[in-house]
Amino acid sequence: MQEIDRRVIYALLWIGLLLPLVKPLGLPLPISSRTKQCFEYIEKNIKQGDLVLMSFDYSVGPSPDVHPQSFPVLEHLMKRGARVVAISFQPTGPMFAEEALKSQEAKGKVYGVDFVNLGYLAGAEGALVAFAADIPKAVPKDFRGNSLDALPIMKGVKNASDFKLLFTLVAATPGIPDWVRQVQGPYAVPMLGGVGTQIAPMSEPFVQSGQIKGLLIGMRGAAEYEKLVQMPGKSLAAMDSQSIGHILVVTFILLGNIAYLAEKSLAKKRG
Amino acid sequence: MRISTDPGIWVSALLCLGIYSFLIKENPAYRTAEHIFVGLAAGYSMAMGVSNVTQKAWNPLMKGDVSQIIPLVLGLLLYARFLKDLSWLARIPLSLLVGIGVGVVMRGVVVSEFIKQLGATMLPLNSIDNNIIFFGVLGCLSYFLFTKGVKSSAIAFGSRVGRYTMMAAFGAAVGNNIQGRISLFISQLQLLFGDWLGIIK
């Protein structure tokens, strides 16, 4: 069994993941407590006109895992009447922010009034510190080339403490720890997070300690949020596939281990 | 089935297939897609970097803000490492970057990642979750005791608990990793069979 061509496993994964996408199985999707915490925090605390800072800190590689979270979250924030300021500390972030924000622009939200994209700020954690301390100084112009003074949404915004909520979407660095130590802690801004699945275990202790109020984890988190805001999208449609994928991987691991142990025991018997 | 007429989708789909062709074996389609990806990523990052320098340092300097000369010169000095005789100059901005970086991190790390995290482990032992967190942390800490007395039975037991706790944590990390990889693959299937070929509705 250990000599099976790896391409057989690839083919099984392709078929196993594709079939539920073509013909959904309708498996139940319970909402995790972390996603529920995010939804409930926004529902209870965000009111008409509140200013929310949303960071898009992920590159192209992990984007399929994190980017889908931005759409239902933005939808929820906008439905609550929040005004959203987007910022990125990853070079590709503004591109993703534009795509997500344009989905709201298409629904009638106005650039510069309901939302703004401040673009990318180089310098990772150092830039985060400078941005949190003095926003107009760190970002004199937005991603579309407008001066911040000309944007009604930025009127009176000086530093990070002017935001009612920070929602950071991250996949690597700057990540949850960077945002917690440079913004959430020093400026006492309530924080929610959306993370790539791989970095979820490292982000979880910050929820446990109460430093962040909720956490969306990967595509699954996006799917759960789509369900909560009743905005079914690609992530929700992918959940059957995700479950089948996990079943396949667990099966492969079990079969591999059984084969390994069986061969070991046979070799022992043979002496 | 409704095949896309969007050229952007066609390009993404063909490059995606090029990358996945590696699963069969290394081939020119894979290499082409890989090189395009690396080139685009590097080009995009460079354009963003240039735009940042222009907007934040060069333009203010042109408007008379002479203080911007300092970051510009320090930035240029980083490239001195390519000049054999002047390579030592690159150490100046590098040392500043390291010093400031460490200082900036240390500013917040003590409270957010030490005191607050310690506080989060001081829990009433009235639930299974709290017991796992409390004894798991104690166990992990005792695993990293490398001093005299480490052979005492209590420490050895704690160390064993720590080892199992860490193994469970690493297992969770691997599980999350697999979940993440499957998500990435599903999104590509959605691109190929949904956006491109129109088989997935």
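Residues numbered from 1 in each chain as written. Chains lettered and ligands numbered in written order. Predicted model: local features only at pLDDT ≥ 70, side-chain atom pairs only at ≥ 80, totals over all residues. Heavy atoms only, no water.

Undergrad: I'd like a rundown of the interface of chain B and chain A, residues and numbers included.
TA: Counting residues at the interface gives 43 residues for chain B and 53 residues for chain A. For the pair chain B and chain A, the two sides together bury roughly 4,100 Å², of which 67% comes from carbon and sulfur. Taken together, the links from chain B to chain A amount to 2 salt bridges. Between K234 of chain A and D195 of chain B there is a salt bridge, with its nearest N and O atoms 2.8 Å apart. (Contact = heavy atoms within 4.5 Å. Buried area = accessible area lost by both parts, 1.4 Å probe. Salt bridge = Lys/Arg side-chain N within 4 Å of Asp/Glu carboxyl O.)

Undergrad: Could you give me a rundown of the sheet that holds strand β2 (residues 83-88) of chain A, with the residues and numbers involved?
TA: Residue and element names in this part refer to chain A. Here 6 strands make up an open sheet; going across it, the order is β3-β2-β1-β4-β5-β6 and the pairing parallel. Looking at which strands have only one partner, the edges of the open sheet turn out to be β3 (115-120) and β6 (215-217). Strand-to-strand, the axes of this sheet are offset by a mean angle of 15°, without reference to chain direction. In this fold helix α9 (residues 218-228) packs onto β5 (191-195) and β6, with an angle of close to 115° to the strand it touches most, β6. (Pairing = 2+ DSSP bridges. Helix = DSSP H or I, 4+ residues; strand = E, 2+ residues; numbered from the N terminus. Axes fitted to C-alpha atoms, helices over the stretch in contact; angles between N-to-C directions.)

Undergrad: Lay out the packing of aromatic side chains with the relevant residues and their values.
TA: Taken as a whole, this structure holds 16 aromatic pairs over all chains when the rule is applied. Ring plane angle 65° and centroid distance 5.9 Å describe the contact between F39 of chain A and Y225 of chain A, whose orientation is recorded as edge-to-face. Of this pair, F39 of chain A sits in helix α2 (residues 33-45) while Y225 of chain A sits in helix α9, placing them 186 residues apart in sequence. Each member of the pair, F39 of chain A together with Y225 of chain A, is buried. Their ring planes at 65° and their centres at 5.4 Å tell us that Y20 of chain B and F185 of chain B sit as a pair that is edge-to-face. (Phe/Tyr/Trp six-rings, centres within 6.5 Å; stacked < 30°, edge-to-face > 60°. Buried < 20%, exposed > 50% of the residue type's maximum accessible area, 1.4 Å probe, protein only.)

Undergrad: Go over the domain arrangement of chain B, please, and point to the residues and values.
TA: Residue and element names in this part refer to chain B. The domain boundaries assigned to chain B delineate domain 1 (1-64) and domain 2 (125-201). When each unit is reduced to the centre of its C-alpha atoms, the spacing between domain 1 and domain 2 is 34 Å. Contact residues are listed per partner, giving 12 residues for domain 1 and 9 residues for domain 2. Around 960 Å² of area is buried between domain 1 and domain 2 when both sides are counted, 77% of it from carbon and sulfur atoms. Ranking the residues of domain 1 by area buried against domain 2 places M1, I9 and Y20 at the top, with a combined share of 40%. Counting the contacts that link domain 1 with domain 2 gives 0 salt bridges. Residue composition of the side of domain 1 that touches domain 2, by class: 9 nonpolar, 2 polar and 1 charged. (Domains from an automatic or database assignment. Nonpolar A, V, L, I, M, F, W, Y, C, P; charged D, E, K, R; others polar.)

Undergrad: Lay out the pattern of salt bridges in plain terms, naming residues and giving numbers.
TA: All names here are of chain A. Counted by the stated rule, this structure contains 15 salt bridges over all chains. Among the ionic pairs, K107 bridges to E75, the shortest N-O distance being 2.6 Å. With K107 in the loop between α4 (93-105) and β3 and E75 in helix α3 (residues 63-79), the pair connects residues that are 32 residues apart, well separated along the chain. On the basis of relative accessible area, E75 is assigned to the buried category, the value being 11%. Connected through shared salt-bridge partners, E98, K102, E105 and R144 make up one network.

Undergrad: Provide a residue-level description of the confidence of the model for chain B, including the pertinent values.
TA: Of the residues in chain B, 98% reach a pLDDT of 70 or more, and the chain-wide mean stands at 92. For this predicted complex, the interface score ipTM comes out at 0.90, alongside a pTM of 0.90. (pLDDT = per-residue confidence, 0-100.)

Undergrad: Just give me the short version of the nonpolar core, but keep the residues and values in it.
TA: If you look at the biggest cluster of nonpolar residues, it comprises 69 residues, and the most contacted ones within it are L118, F131, M154 and W179 of chain A. For this core, the element with the highest residue contribution is α3 of chain A, accounting for 6 residues. Beyond its immediate sequence surroundings of up to four residues, M154 of chain A is in contact with V85, V116, L118, I135 and L148 of chain A. Counting residues in each nonpolar core, the second largest holds 24 residues, with L18 and V249 of chain A together with A13 and I186 of chain B among its members. (Core = buried A, V, L, I, M, F, W, Y, C linked by side-chain atoms within 4.5 Å.)

Undergrad: Residues and numbers for the pairing of strand β4 (residues 165-170) of chain A, please.
TA: Residues and elements named next belong to chain A. For β4, the tally of buried residues reaches 6 of 6 residues, placing the bulk of the element in the interior. In the sheet, strand β1 (residues 51-57) pairs with β4 via 6 bridges, with the strands oriented parallel. Across the sheet, residue S55 finds its bridge partner in β4, namely T168. Inspection of the sheet shows β4 paired to β5 by 5 bridges, in the parallel sense. Within the sheet, the bridge partner assigned to V170 lies in β5 and is V195.

Undergrad: So what's going on with the environment of P177 of chain A? Residues and values would help.
TA: Looking at the secondary structure, you find P177 of chain A in helix α7 (residues 176-187). When its relative accessible area of 24% is taken as the criterion, P177 of chain A is described as partly exposed. With 28 residues separating them in the primary sequence, P177 of chain A and P205 of chain A have C-alpha atoms 9.9 Å apart. With sequence-adjacent residues up to four places away left out, P177 of chain A is seen in contact with F206 of chain A together with E113 of chain B.

Undergrad: Would you mind going over the environment of E99 of chain A in detail, with residue names and values included?
TA: Residues and elements named next belong to chain A. The topology assignment puts E99 in helix α4. Under the relative-accessibility criterion, E99 is labelled partly exposed at 45%. For E99 and F71, which are 28 residues apart along the polypeptide, the C-alpha to C-alpha distance reads 9.2 Å. Not counting residues within four places of it along the chain, the set of residues in contact with E99 comprises H67 and F71.

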